[in-house]
Amino acid sequence: MNAATATADTTPDDGGAAAAGVVADAPALRRSAELEELIRQAPERFRVMTGDRPTGPLHLGHYFGTLHNRVRLQELGVDVFVIIADYQVLTDRDVADRLAEHMEAMVLDYLAIGVDPERSTIFNHSAVPALNQLMLPFLSLVSVAELNRNPTVKDEIAHSRQSTVSGLMFTYPVHQAADILFCKGDLVPVGRDQLPHLEVTRTVARRFNERYGQVFPEPDALLSAAPLLLGTDGTKMSKSRGNSIALGATADETARLVKGAKTDGERHITYEPEARPGVSSLVLLAALCLGRDPHDVAAEIGGGGAAALKRTVTEAVNDRMAPIRARRAEYARDMGYVRSVLRAGNARANEIAGATLDEVRGAMGGVL
C-alpha cells in the first residue's frame, strides 16, 4: 500500500491557509490534479496522514481549510491517519498548557465532523516512540544551512512566542519528515506554505536511500486550495488569538462572536477580498456554510449593510454546525469511548512505526 501524509495542519493555527508570497509552479499544480485523479481511480492505494497541534479548540478555519477534506478522503476509501502533534506544541512555546484537555477536545471534534475510527486512525506523537526515533538518523542527513534557509521555519520563528529559537523549532521540518516517512508517505496534501517542509522530507528520503539503500519514497505534494478565513478581528484566524469561532461553540456564542466581527464603513456588501478583507471573509464564511458562490451571497445582501451580513453569517454557521455540535455533545457523554479511540489509534500507529524502524535499523546495519 502507498501512503500519504498531510502535515500541513500541524504547523499553523489557521486551518492551512497559504502564506503570502508563496507561489506554487505550474508543474506542481498539474501533478496535484493528476494525483487527485489517481485517488479517485484507486483510493485504496493511498494512506493519508494529517493532523493538528493541540494548542486550543479547532475552529471554522480548520473545518473549511482541512477537516472536511479528511472526511472526503475517508469516504472515498483512503486509509486516513490523523496525528495529534502533542510534541510539536513546544516548537513555539515554553510549556504545553492543558495538553490532555486539548487532546481530548480534538478527538471529540474529529469524531463530530465524521472521522470514523473504523476507517481512520487517530493517534498522538508522544505515544509512538518509533516515529520520533526516526528523527535521529534523519537529522544526520540535512545540514544546518539547509534548515536555516527554510522560509516556512523563518516565518514560524518570526511568530514564535519564545524569546529564543529552540532546537525543536529549528529542526521542525525534520520531525515532519518523520511524520511522513514513518508510514512511507508518497503523497502529501499541503498548503503552498508547506512546500519547503516537504522538500526537506524529499531530501531526507533521497539521501537515506543513497546512503543506506532504497527504503523510502520521495513524496509528492497534493496542493490544497483551502480558502482563507480571517478571524473576527480581521487578522489571521488562530486558536491563540481568540479571534475564531470554535467548532464546539454554542449558537449563542457564535452569534456574539459574529456580531463583534470587524467590517468596514461601506454599507453596500460586496465580495472583494483584496479591497474589503473583513467583509469578504464574512461573506465567504456564509457562502461556505451555504454551499454557494460568495459573489451571489454578497449580491443578495446588497444594501442591507453589516447588520444583514452578520445575521446571514450567524444563521448559516449555526445551521451548518448544528448536526456537528449535536454529535460532539453525544460523544462527550462517553469520554471512555473517546479515550479508547485514541488508544486504538496509538496501537496501530505503533505497529506501523515499529516495522519501519526495524527496516531502517536493518538498512543502517543495526546502529539504532
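K.L.:
Can you walk me through the overall build of the chain in this structure?
P.N.:
The secondary structure content of the chain amounts to 15 helices and six strands. For the chain, the C-alpha radius of gyration of 21 Å lies close to 21 Å, the compact-globule estimate for 368 residues. The principal-axis extent of the C-alpha atoms belonging to the chain is close to 70 × 45 × 45 Å. The buried share of the chain, taken over its 368 residues, is 53%. Across the chain, every contact between residues at least 6 apart in sequence was considered, and the portion connecting residues at least 24 apart equals 80%. Split by element, the accessible area of the chain, about 15,500 Å² in all, is 52% carbon and sulfur.

K.L.:
What's the story with the pairing of strand β6 (residues 220-223) in this structure? I'm lost.
P.N.:
Consecutive residues of a regular strand have side chains that alternate between opposite faces of the sheet. Across four bridges, strand β5 (residues 185-190) lies against β6 in parallel orientation. Note on β6: the bridge partner recorded for Val 188 is Ala 221. For the crossover that starts at β5, traverses helix α10 (residues 195-212) and ends in the parallel β6, the hand is right-handed.

K.L.:
When you look at helix α14 (residues 305-332) in this model, what are you seeing that I'm missing?
P.N.:
Think of an α-helix as turning once every 3.6 residues; residues three or four places apart then point the same way. An ideal rise of 1.5 Å per residue puts 40 Å on 28 residues; α14 measures up with 39 Å between its terminal C-alpha atoms. Its axis deflected by about 45° at Ala 322, α14 carries its strongest bend there, up to four residues before the proline Pro 323.

K.L.:
Can you walk me through the pairing of strand β3 (residues 79-84) in this structure?
P.N.:
In terms of burial, β3 is a largely internal element, six of the six residues being buried. A two-sided burial pattern is seen for β3, the buried positions comprising Asp 79, Phe 81 and Ile 83 on one face and Val 80, Val 82 and Ile 84 on the other. Here strand β2 (residues 47-52) pairs with β3 via six bridges, running parallel. What sits directly across from Asp 52, in β3, is Ile 84. With respect to chirality, the unit in which β2 leads through helix α2 (residues 60-76) into the neighbouring parallel β3 is right-handed. One crossover worth recording links β3 to the parallel strand β4 (residues 120-124) by way of helix α3 (residues 99-113), and it is right-handed.

K.L.:
Just to check I follow, could you spell out the nonpolar core for this structure?
P.N.:
Formed by 59 residues in total, the largest nonpolar core has its most connected members in Tyr 110, Ile 122 and Leu 285. Setting aside anything within four residues of it in sequence, one finds Ile 122 in contact with Val 82, Ile 84, Val 107, Tyr 110, Val 115, Val 341, Leu 342, Gly 345 and Asn 346. Listed in part, the 37 residues of the second largest apolar core include Ile 83, Val 142, Ala 177 and Phe 216.

K.L.:
Honestly, the packing of aromatic side chains in this entry has me stumped. Any pointers?
P.N.:
Pairs of aromatic rings are described using the distance from one ring centre to the other and the angle between the two planes. Under the defined criterion, the tally for this structure stands at seven aromatic pairs. Their ring planes at 50° and their centres at 4.9 Å tell us that Phe 208 and Tyr 212 sit as a pair that is tilted. Of this pair, Phe 208 and Tyr 212 are both found in helix α10, four residues apart, which corresponds to roughly one turn of the helix. Each member of the aromatic cluster is reached from another via a ring pair, and the members are Phe 138, Phe 208, Tyr 212 and Phe 216.

K.L.:
Looking at this model, I keep getting lost on the side chain of Ser 281. Mind explaining?
P.N.:
You can see Ser 281 is positioned in helix α12 (residues 277-290). The class for Ser 281 is buried, based on a relative accessible area of 8%.

K.L.:
I'm lost on helix α1 (residues 26-41) in this one. Help?
P.N.:
With 16 residues, α1 ought to run about 22 Å at 1.5 Å a step, and its terminal C-alpha atoms sit 23 Å apart, in line with that. All of the buried residues in α1 are Ser 32, Leu 35 and Ile 39. Buried residues of α1 fall within an arc of 65° about the axis and therefore sit on the same side. The exposed set on the far side of α1, more than 90 degrees from its buried face, consists of Arg 30 and Gln 41. Elements in contact with the buried residues of α1: α2, β5 and β6.

Cut-offs and rules
Residues numbered from 1 in each chain as written. Predicted model: local features only at pLDDT ≥ 70, side-chain atom pairs only at ≥ 80, totals over all residues. Heavy atoms only, no water. Helix = DSSP H or I, 4+ residues; strand = E, 2+ residues; numbered from the N terminus. Rg over C-alpha atoms; globule rule 2.2 N^0.38 Å. Buried < 20%, exposed > 50% of the residue type's maximum accessible area, 1.4 Å probe, protein only. Contact = heavy atoms within 4.5 Å. Areas by Shrake-Rupley, 256 points an atom, 1.4 Å probe, with all protein chains shown as cover. Pairing = 2+ DSSP bridges. Right-handed = clockwise from strand over helix to strand, strands pointing away. Expected span 1.5 Å × (residues − 1). Bend = angle between axes of the 7 residues up to and from the residue. Core = buried A, V, L, I, M, F, W, Y, C linked by side-chain atoms within 4.5 Å. Phe/Tyr/Trp six-rings, centres within 6.5 Å; stacked < 30°, edge-to-face > 60°. Arc of directions from axis to C-beta.

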